[in-house]
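# Chain and residue survey
Residues per chain are reported as follows:
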Amino acid sequence: MTKIVDLIKHFRSKAALKEFPKMHALAIAALGSSLLLFSSITIPSSEPKNSQRSETIVKLPLLNSSNKTAPKVTQIPAPANTPSNSKAVSNESSGKLAKITKPKLIEPKVTLPSMEKRSETVKSGDSLSLLFQRAGLSDTSLFELMQSRKETKQLTRLHPKQQFHFEISDKKLYKLTYQKNKLNKVEFTRTDSGFDYQKITLKPDVQTAYREATIKNSLFLAGTNAGMEQSLIMEVASIFGWDIDFALDIRSDDHFSVLYEEHFLDGEKLRNGPILAAEFTNQGKTFKAVRYTDKNGDSNYFTPEGNSMRKAFLRTPVDFARISSHFNLRRKHPVLNRIRAHKGTDYAAPTGTPIKAAGDGRVTWAGTKGGYGRTVIIQHGQSYKTLYAHMRRYGKGIRNGKRVKQGQIIGYVGSSGLATGPHLHYEFYLNGAVRNPVRVPLPKAKAIPKSELKHFKNQTSSIVATLQNYQKNIQIAAADTQ
């Protein structure tokens, strides 16, 4: 290395420069400066400290008058033990070697706001504003949420026992969960631009259940003893209500069986699903029904052969009422105390009992009508008309010209007009002539079309078979206990 330095000093001396042309002298001077800088860089060795070092010899090309090209700078590769996060870079313009170390990235610490969780249960008379106040939020927070998106309108339709879950920080709402019921909830989560909306629906576990009972006193008592809820008993009566008058036709030893769904969530029963199939034996005559959902998604009940369980009219417009006065054109009026035709059937029931439209039609009268008191008259097509009298009040939206569906509530039992007590007076007209509503033959609804009958059979045959298997197993078990 000492020889190289002496050589460089010689070339940079004035005496040496005079020996070469001007351009060559400048090149030699530049090369000398670069080599001086290079000589100051210590190149680490991979050998142990005690081992003998070897010198690195750099051969310089000699310049003469015939060689006018600038000398090339020899690049020295980086040592083998250079760290992986470092790079040796050569700068050809100056001949310098620079060592660049890759900086370590420092992730910024994000401080999340501390959240306070509050839950409120809707009580009778509560409003959304009261719920926010109980959660410690102001009306400003409520207004901000309600103005954020249209889906917040559903928050105003409150029902007792519904749940509201709040996540709050510094008296500011960050998340609201509205638990409508155990299967359905909605969430509103704060973002930079307002609130995000998410609807969450859980699917329950569906199981098939079976119940059967023999009537001794009443349908309700028999169903309750068999472990059936009131709503399930009412559904049985609704399915067979076109063929059986549950106020008049029920007898001791009548029998029924039901196959239905039960819905569970995390092992807890939520509710009953629809009845899948049912059978009712009344006064020795058996009626069978099976649930069928058509290609349009509409579900109704049919016989296993495909005939509709529905009729054009309900046999009785009041559930489980007692007939207090039959159809009698020679009856003595209890108030007027004289012979006056009783053109309908009276169903005694508690005040406020719902009255249902016997069939689809249009309301032609909704008002007070002499001794009938508050009365509704419905026209069903060209041939049929029904009358409902002595109401306490009318159903919601019932007025002249209103179209109604079969089973729709049109009023409530009362004692308006010439009545000795709360009851419904019901009349049935065919082609303008009054008929006994209990005995008049009722027209049937449409059966399954022939084009759809194969699809109907495929869907319902297994359901009917399941009901029959339950019935057989119960009979076998009963026989074994005897």
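The following refers to the structure shown. Not measured: the values here are computed from a predicted model. (Residues numbered from 1 in each chain as written. Predicted model: local features only at pLDDT ≥ 70, side-chain atom pairs only at ≥ 80, totals over all residues. Heavy atoms only, no water.)

Turning our attention to the sheet that holds strand E12 (residues 299-302). Here we have 5 strands laid out as an open sheet, ordered E8-E9-E10-E11-E12, and antiparallel in their pairing. Looking along the sheet, the strands with just one partner apiece sit at the ends: strand E8 (205-214) and E12. The sheet shows a mean angle of 25° between the axes of neighbouring strands, taken without regard to direction. Of the pairings in the sheet, the one linking strand E10 (residues 268-282) to strand E11 (residues 285-293) comprises 6 bridges and is antiparallel in character. Across the sheet, the residue bridging to Ala-277 is Val-290, located in E11. (Pairing = 2+ DSSP bridges. Helix = DSSP H or I, 4+ residues; strand = E, 2+ residues; numbered from the N terminus. Axes fitted to C-alpha atoms, helices over the stretch in contact; angles between N-to-C directions.)

Okay, the packing of aromatic side chains next. Applying the stated rule across the entire model yields 15 aromatic pairs. Taken together, a centroid distance of 5.3 Å and an interplanar angle of 85° make the contact between Phe-132 and Phe-166 edge-to-face. With Phe-132 in helix H4 (residues 128-134) and Phe-166 in strand E4 (residues 163-169), the pair connects residues that are 34 residues apart, well separated along the chain. A relative accessible area of 0% places Phe-132 in the buried class. Given the relative accessible area of 1%, Phe-166 is considered buried. Between the aromatic rings of Phe-313 and Phe-428, the centroid separation amounts to 5.2 Å while the plane-to-plane angle is 80°, which identifies the pairing as edge-to-face. Of this pair, Phe-313 sits in the loop between E12 and strand E13 (322-325) while Phe-428 is found in strand E21 (residues 423-430), placing the two residues 115 residues apart along the sequence. Comparing Phe-313 with Phe-428 shows no difference in burial state: the two are buried. A connected cluster of aromatic rings, assembled from ring pairs, spans Phe-132, Phe-164, Phe-166 and Tyr-178. (Phe/Tyr/Trp six-rings, centres within 6.5 Å; stacked < 30°, edge-to-face > 60°. Buried < 20%, exposed > 50% of the residue type's maximum accessible area, 1.4 Å probe, protein only.)

Now for the side chain of Thr-177. Its place among the elements puts Thr-177 in strand E5 (residues 172-179). For Thr-177, a relative accessible area of 9% corresponds to the buried category. Beyond its immediate stretch of four places on either side in the chain, Thr-177 contacts Gln-163, Phe-164, His-165, Lys-185, Val-186 and Glu-187. (Contact = heavy atoms within 4.5 Å.)

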